[in-house]
Amino acid sequence: MSASVNFYIATVHLASSIKQTIVAMLGVTFGISMYVFMTGFMTGVNNIQTELAFSALAHIRVYNDGPADKTNIAKRVYPNDVINLRNAKVIRYTDGIKNSAAILSLLQSQPNVSGVTTQVNINVFFKNAGNKINGTISGVDVINENKVFNISKYVVQGNWNELKQRSDGIFVGYELAKNLSLKINDNLNVLTSDGISRNYKVIGIYQTGILGADKSKAYITINAARQLLAFNQDYVTDIQINVRDFNQTQPLVDKLAPVISYRVESWQMSNHQLEAASGLRDIIAIAVSFTILIVAGFGIYNIMSMTINQKIKEIAILKAMGFSGQDVTVIFLTQSIVIGIIGGFVGMGLGFVISKLVSRVPFEVAGLHTLPMAFTPTDYVLAFIFSLMTTFIAGYLPARKASQVDPVIIIRG
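Residues numbered from 1 in each chain as written. Predicted model: local features only at pLDDT ≥ 70, side-chain atom pairs only at ≥ 80, totals over all residues. Heavy atoms only, no water.

A.B. asks: I keep staring at the pairing of strand β5 (residues 169-173) and nothing clicks. Help me out?
C.D. replies: For a regular strand, side-chain orientation follows a simple rule: the groups alternate between the two sheet faces. β5 sits mainly inside the fold: five of its five residues count as buried. Neither face of β5 is left uncovered, since the one carrying G169, F171 and G173 and the one carrying I170 and V172 both have all their residues buried. Bridge count between β5 and strand β7 (residues 197-206): five bridges; the pairing is parallel. Looking at the pairing, F171 lines up with G204 of β7. Where β5 meets strand β8 (residues 217-221), two bridges bridge the pair, whose relative direction is antiparallel. Bridge pairing in β8 links V172 to A218. (Buried < 20%, exposed > 50% of the residue type's maximum accessible area, 1.4 Å probe, protein only. Helix = DSSP H or I, 4+ residues; strand = E, 2+ residues; numbered from the N terminus. Pairing = 2+ DSSP bridges.)

A.B. asks: What exactly am I supposed to notice about the nonpolar core here?
C.D. replies: Within soluble globular proteins, side chains that are nonpolar generally end up buried alongside one another. Core analysis: the biggest nonpolar cluster contains 42 residues, and F126, I170, V172 and I239 have the highest contact counts within it. Per element, the largest residue contribution to this core is six residues, and it comes from strand β2 (residues 113-128). Counting 14 residues, the second-largest nonpolar core is a separate cluster that includes L14, A24, A383 and F384. (Core = buried A, V, L, I, M, F, W, Y, C linked by side-chain atoms within 4.5 Å.)

A.B. asks: Explain helix α8 (residues 222-229) here, please?
C.D. replies: Owing to its 3.6 residues per turn, the α-helix aligns residues three or four sequence positions apart on the same side. Those residues of α8 not exposed but buried are I222, A224, A225, R226 and L228. The elements touched by buried residues of α8 are β2, β3 (131-140), β6 (187-192), β7 and β8. Just beyond α8, the residue with positive phi is A230, at close to 60 degrees. (Contact = heavy atoms within 4.5 Å.)

A.B. asks: Honestly, the pattern of salt bridges in this entry has me stumped. Any pointers?
C.D. replies: Pairing of side chains with opposite charge becomes possible as their charged atoms draw close. Summed over all chains, the structure comprises five salt bridges. The shortest N-O distance in the salt bridge between R166 and E162 comes to 3.4 Å. According to the relative accessible area criterion, E162 is partly exposed, its value standing at 31%. Three or more residues joined by partner-sharing salt bridges are found here, namely E162, R166 and D168. (Salt bridge = Lys/Arg side-chain N within 4 Å of Asp/Glu carboxyl O.)

A.B. asks: What am I meant to see in unusual backbone geometry here?
C.D. replies: What is expected of a backbone is that most residues other than glycine have negative phi and most peptide bonds are trans. One non-glycine residue with positive phi stands out, namely N185, at about 80 degrees. On the secondary structure map, N185 appears in the loop between α6 (174-179) and β6. The backbone of A230 shows a phi angle near 60 degrees, a positive value even though the residue is not glycine. Along the polypeptide, A230 turns up in the loop between α8 and β9 (238-243).

A.B. asks: Looking at this structure, how should I read the packing of helix α2 (residues 18-53) against helix α13 (residues 325-358)?
C.D. replies: Packed helices, taken two at a time, are described by the angle their axes make and the gap between the axes. Where α2 meets α13, the closest approach of the two axes is 7 Å, and the angle between their N-to-C directions is 40 degrees. As summarised for this structure, α2 and α13 are arranged oblique, according to the angle between their axes. In the packing of α2 onto α13, the handedness of the crossing is right-handed. Here the residues of the contact of α2 with α13 are counted per class, giving 16 nonpolar, nine polar and no charged. (Axes fitted to C-alpha atoms, helices over the stretch in contact; angles between N-to-C directions. Parallel < 35°, antiparallel > 145°, perpendicular 65-115°, else oblique. Left-handed = near helix turned anticlockwise from the far one by under 90°. Nonpolar A, V, L, I, M, F, W, Y, C, P; charged D, E, K, R; others polar.)

Structure, rendered in structure tokens:
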């Protein structure tokens, strides 16, 4: 029979059992809406956790890790002699990165690099009155530090750009300020491991939500850090690099490692647990989403099976009139696909509305103000494709069964 006739019969079947059709569409609608919501929520959680992690962690780090082998130098110089060393002294190797300007020039010429900043990190004691806390000061290039880590986003008091103009200014973590009873314009004494003491004025407080950083880290300008250590203007301890796609760090690491004499380390190399957690969250999101769609598919399968059982005599009459098994299959597949298309569109709209409502729910944790939610067009496209696939498979199995009905047996009863 012609396609138009098959389509007409399919629409008549859908309209004649409107309640079952609505129930089937609702199954697809809720399945797709929950898929959109769960995928958006899990993606939002992943994005926030990644953002929080990279607020203190660059995609690639260059630093002085010292020589690969720091032991038994005499044995390497005199390999054939019997040497017995007692109480061997550890040679002090040069700290930090020298000739950083040449390395910065190389990094900034790389097309995949989105940001580069230099740091001078110093282990210190923070002292205020009788309180003393062990922590770290990072001397930073104020503008580039913000480009790489977006630190100004986490400032709760003060203005990050003011640090550039204040060689005596310091930004402290929220928990550190709380533990030392510090407020804006208070003085903070810093004591290095070499016994150098200097006072700084608190001009800002930040809160990233990462407790380890907020309770033990402070920022000053990189020139102030060099002065504190009495090093020249080219000295840095770390070079932090961000790339356009944080998952694509390995090609750049492989390119830089042979030409830079210092250690080049990606975030995956130093934080295996972060990479594993991100992968596990993605797997959980996919598993939950597919489970929702499969449940919706079983609902459609049951409804289509019931429809076929109820219309078994009509099917027999159609076949007796000359409709082939393929025509019967097309009729019922058309019904399931129509259900999938309508249910898919309505489900995407409902999922968007639910996601919007949830994204406005207050959630004051780790610097967040609302629950994290991502609105990715790809998720909506995939949801619609999955709705068609699910309804097609759920409709094909009972439609194939209907195509094999013997009209003689059915009509005889």
